[in-house]
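# Examining the three-dimensional arrangement
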Amino acid sequence: MLKNIYFKSCLIALCAISQINSSCNKALDAPSVEVSTEEVHWESVSDTKAALIGMYGLLRAAMVDNNAHWMYGEFRSGDFTSYRRQDLSAVINSELNKSYDLLENLSNWRRFYAVINAASLFIEKAPRVLQHDSRYTQFNLDLDIAQARAIRAFTYFYMVRVWGDVPLITSSFDNGKFPEFARTDYRDVLTFAEQELIEAVEVLPFRYGVAPQQYYGSFSTNWQKILFNKISGYAILAHMSAWQGKYLDVAAYTQFIMDNYTQSNITYLNNIAPSSTGTAGLAGNFGIFTNNFQFGQIVNFSAAYSYGEATPSGHIEQLTLATPYVNRANPDVYVSKDSITSAFLERNDRRFGVDTVSGLFRENYFKDYSNEIPVFNKIKIIRDGVNEGNYAVFGSNLVFTRLEELTLLRAEALAVLGQHIKAIELLNVIKAMRFTSSYQVSELDTKPLIDEVFKERRRELMGEGWRFFDLVRWNRIKSTDAKLTDMIQKGGIYWPISRNVLRNNRQITQNTYWN
């Protein structure tokens, strides 16, 4: 039953996003707030369940539409190169005001406001169900509303990283009549989102449906990879603070995570590739990007083939894979050999290096390095990741954050705060798992610690949507790239706002960098 509801909710979400992107309705070009609401009558527990899962479906659909998550965070100014597509080259080179449909679609924030409206509507309407259905308890309602607040806060954080100032809307509009909203200073948006999350994490559990108590009729294993929990909330708070340079807060939030992550069945991924006994690894058919992974992602959006969610689009594999994984000669984007060798410096690195016994390149992140264009194969979940062949339907999860990422974020915070010994310990946790040389205290003067943390993030998180945002934070701490520093100062790190939005909402003004 859970699988069926999740599948149907995701289909509704994808249809809603499609309708939003194809409509020229003025109401939708003001922040879009009219999706996935009409069918919910707020009378029974099944209504709240469908609306709750629908919010997650809408959020995932907003993040993967036009492969947005990777366009915003991975390809722009990152390590990937376009093979022949000029629109992808424009993203990579930050030429975001060129006339390509891809750039226009990515510049439109309507699909994110669909998520925000669904969350606001849930917060306002769900209490009605208490009056109509005795199966729906106050405990249920509190958990559900905490998730809606967390989803809304996460969505605002996600938008601020992309556009800077965005309209702050805290109530729903489901009658088809929408006022025009001006943009709100991003600091006020993040203040609101942070307060929402701080209150939500007090209610969010470490796990849902812990026996003998069920949550919506299911035990914890069914909810492990789907719902935001307490660790998810603190992870988002940590990143929200890092984006603002509030590293004391980052240290506090990540300390809570390090002290409590086991309560959410989360673990480190010591292996890169799975062992012959089926041990889970970072990459591969039982790794963290598959629904076969059993140890819980921190902020994750599933697209499991077994649930009928796998699709040919909305996955990084759509752009990065080629022969022998799918039936095409070259990928749309690839990591050049120069970028690979500049990132992966040690032969023993299990992500990419040289096997000292065979002398062959390890292929956990890249396939066919000896060819002119290597294939980025760190994430390569075709169908369910088990079936072979050229059936280009992908079932990889979008993993926004995992324990290794947050460990490096904590190392970043402690390095900035001058707590070098603790930061080095955390950095070396990741290095040890990947079989690379430890960073030594004696290297502080010759190899700046903050640089080494960001270089490790580059290696560990390649392809996961972090590179551009990492470069921004790095250059805010210390200027390592004059061009990017200039873009930060002038607001060029933010995307332009869609022409459709500007045309149909007179309260909205363009980001000045793109005027």
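## A few points about unusual backbone geometry
Omega for the bond connecting A211 with P212 falls within 30 degrees of zero, at 10°, which places this linkage in the cis form. Counting through the fold element by element, P212 comes out in the loop between helix 10 (186–201) and helix 11 (220–223). Here the bond from T323 into P324 is cis, since omega is 15°, no more than 30 degrees from zero. Its identity as a non-glycine residue notwithstanding, W42 has a phi of 60°, on the positive side. Taking relative accessible area as the criterion, W42 reaches 6% and is therefore assigned buried. Unlike most non-glycine residues, S94 shows phi in positive territory, near 60°.

## Remarks on the packing of helix 3 (residues 45–64) against helix 7 (residues 110–125)
Between helix 3 and helix 7, the shortest axis-to-axis distance is 8 Å and the interhelical angle comes to 160°. When the interaxial angle is binned, helix 3 and helix 7 end up roughly antiparallel. In this structure, helix 3 meets helix 7 at a crossing whose hand is left-handed. Here T48, A51, L52, M55, L58, L59, A62 and M63 of helix 3 come into contact with helix 7, specifically with R111, F112, A114, V115, A118, A119 and F122. Grouping the constituent residues of the contact of helix 3 with helix 7 by class yields 13 nonpolar, one polar and one charged.

## Considerations on the side chain of R152
The topology assignment puts R152 in helix 9 (residues 138–163). For R152, a relative accessible area of 6% puts it in the buried group. Contact partners of R152, with chain neighbours within four places excluded, come to I116, A119, S120, I123, T170, F192 and E196.

## Some thoughts on the pattern of salt bridges
Enumeration according to the criterion identifies 33 salt bridges in this entry. Linking R85 and D332 is a salt bridge whose minimum nitrogen-to-oxygen distance equals 3.5 Å. Taken as a pair, R85 in the loop between strand 1 (80–82) and helix 5 (86–92) and D332 in the loop between helix 14 (317–320) and strand 3 (333–335) lie far apart in primary sequence, 247 residues in all. Here R85 falls in the partly exposed class, since its relative accessible area comes to 29%. Here D332 falls in the buried class, since its relative accessible area comes to 16%. Across the salt bridge formed by E404 and R402, the nearest N and O atoms sit 3.0 Å from each other. Here the residues in one salt-bridge network are D349, R351, K378, R402, E404, K431, R434, E456, R459, E460 and E464, joined through shared partners.

## Points about the packing of aromatic side chains
Per the counting criterion, the structure on display carries 42 aromatic pairs. On the basis of an interplanar angle of 70° and a centroid distance of 6.1 Å, the ring pair of F344 and F352 is categorised as edge-to-face. The same class applies to F344 as to F352, namely buried. Here Y513 and W514 contribute two aromatic rings whose centre-to-centre distance is 4.9 Å and whose plane-to-plane angle is 80°, an arrangement assigned as edge-to-face. Since its relative accessible area comes to 11%, W514 is described here as buried. Residue placement shows K230 over the ring face of F206; its charged tip is 5.8 Å from the ring centre.

## Section: the environment of L121
Of note, L121 is situated in helix 7. By relative accessible area, which is 3% here, L121 ends up buried. With 50 residues separating them in the primary sequence, L121 and S171 have C-alpha atoms 7.2 Å apart.

## Brief notes about the confidence of the model for the protein
On average, residues of the protein carry a pLDDT of 89, and 89% of them reach 70 or more. Confidence drops under pLDDT 50 across residues 1–38; counting only partners more than four residues distant or on other chains, this segment forms 81 contacts.

## Things to note about helix 20 (residues 482–490)
For helix 20, the complete set of buried residues consists of L484, T485, M487 and I488. One face of helix 20 carries all of its buried residues, which in axial projection span an arc of 160°. Those residues of helix 20 that are exposed and aimed more than 90 degrees away from the buried face are A482, K483 and Q489. Where helix 20 is buried, its residues contact helix 19 (467–477).

## Some words on the packing of helix 9 against helix 10
The contact between helix 9 and helix 10 brings their axes to 8 Å, and the two run at 155°. Relative to helix 10, the element helix 9 lies roughly antiparallel. In this structure, helix 9 crosses over helix 10, and the sense of that crossing is left-handed. Where helix 9 abuts helix 10, its residues A146, R149, A150, R152, A153, Y156, F157 and V160 lie against Y186, V189, L190, F192, A193, E196, L197, E199 and A200.

## Topic: the nonpolar core
By size, the foremost hydrophobic cluster in this structure holds 155 residues, and its most contacted members are Y72, F75, F122, W163, F228 and F400. Among the elements that make up this core, the one with the highest residue count is helix 9 (16 residues). When neighbours within four sequence positions are excluded, Y72 is seen to be in contact with L106, R111, F112, Y158, V162, W163, F468, F469 and W495. In terms of nonpolar packing, the next biggest core, distinct from the first, is built from seven residues, A322, Y325, V326 and F394 among them.

Rules of the game
- In every chain, residue numbers begin from 1 and rise along the written sequence.
- Thresholds applied to this predicted model are a pLDDT of at least 70 for local features of residues and 80 or more for the giving and counting of side-chain atom pairs; totals over whole chains, interfaces and linings are not thresholded and use all residues.
- The side-chain numbers reported here are obtained from all heavy atoms of the structure, hydrogens and water having been left aside.
- Strands are runs of DSSP state E lasting at least 2 residues, helices are runs of H or I lasting at least 4, and numbering of each runs from the N terminus.
- Each residue is placed in one exposure class: buried if its accessible area under a 1.4 Å probe, protein chains only, is under 20% of its type's maximum, exposed if it is over 50%, and partly exposed if it falls in between.
- To obtain each axis, a line is fitted to C-alpha atoms, and for helices this fit is confined to the stretch in contact; angles are then taken between N-to-C directions over 0 to 180 degrees.
- Here the angle decides the label: under 35 degrees means roughly parallel, over 145 means roughly antiparallel, 65 to 115 means roughly perpendicular, and every other value means oblique.
- When the near helix sits turned anticlockwise from the far one by under a right angle, the crossing is termed left-handed; a clockwise turn instead gives a right-handed crossing.
- We call two residues contacting when some pair of their heavy atoms lies within 4.5 Å.
- In this count, Pro and Cys sit with the nonpolar residues alongside Ala, Val, Leu, Ile, Met, Phe, Trp and Tyr, while Asp, Glu, Lys and Arg are called charged and the others, Gly among them, polar.
- The rule for a salt bridge is simple: a side-chain nitrogen of Lys or Arg has to be within 4 Å of a carboxyl oxygen of Asp or Glu.
- Working definition: rings of Phe, Tyr and Trp (its six-membered ring) pair if their centres are within 6.5 Å, and the pair is stacked with planes under 30 degrees apart, edge-to-face with planes over 60 apart, and tilted otherwise.
- We count a charge as sitting over a ring when the NZ of a lysine or the CZ of an arginine lies within 6 Å of the ring centre and within 35 degrees of the ring normal.
- Scored between 0 and 100, pLDDT is the confidence that the predictor attaches to each residue.
- Read the arc as the range of directions from the helix axis to the C-beta atoms.
- Only buried Ala, Val, Leu, Ile, Met, Phe, Trp, Tyr and Cys residues count toward a nonpolar core, and they belong to the same one when joined by side-chain atoms within 4.5 Å.

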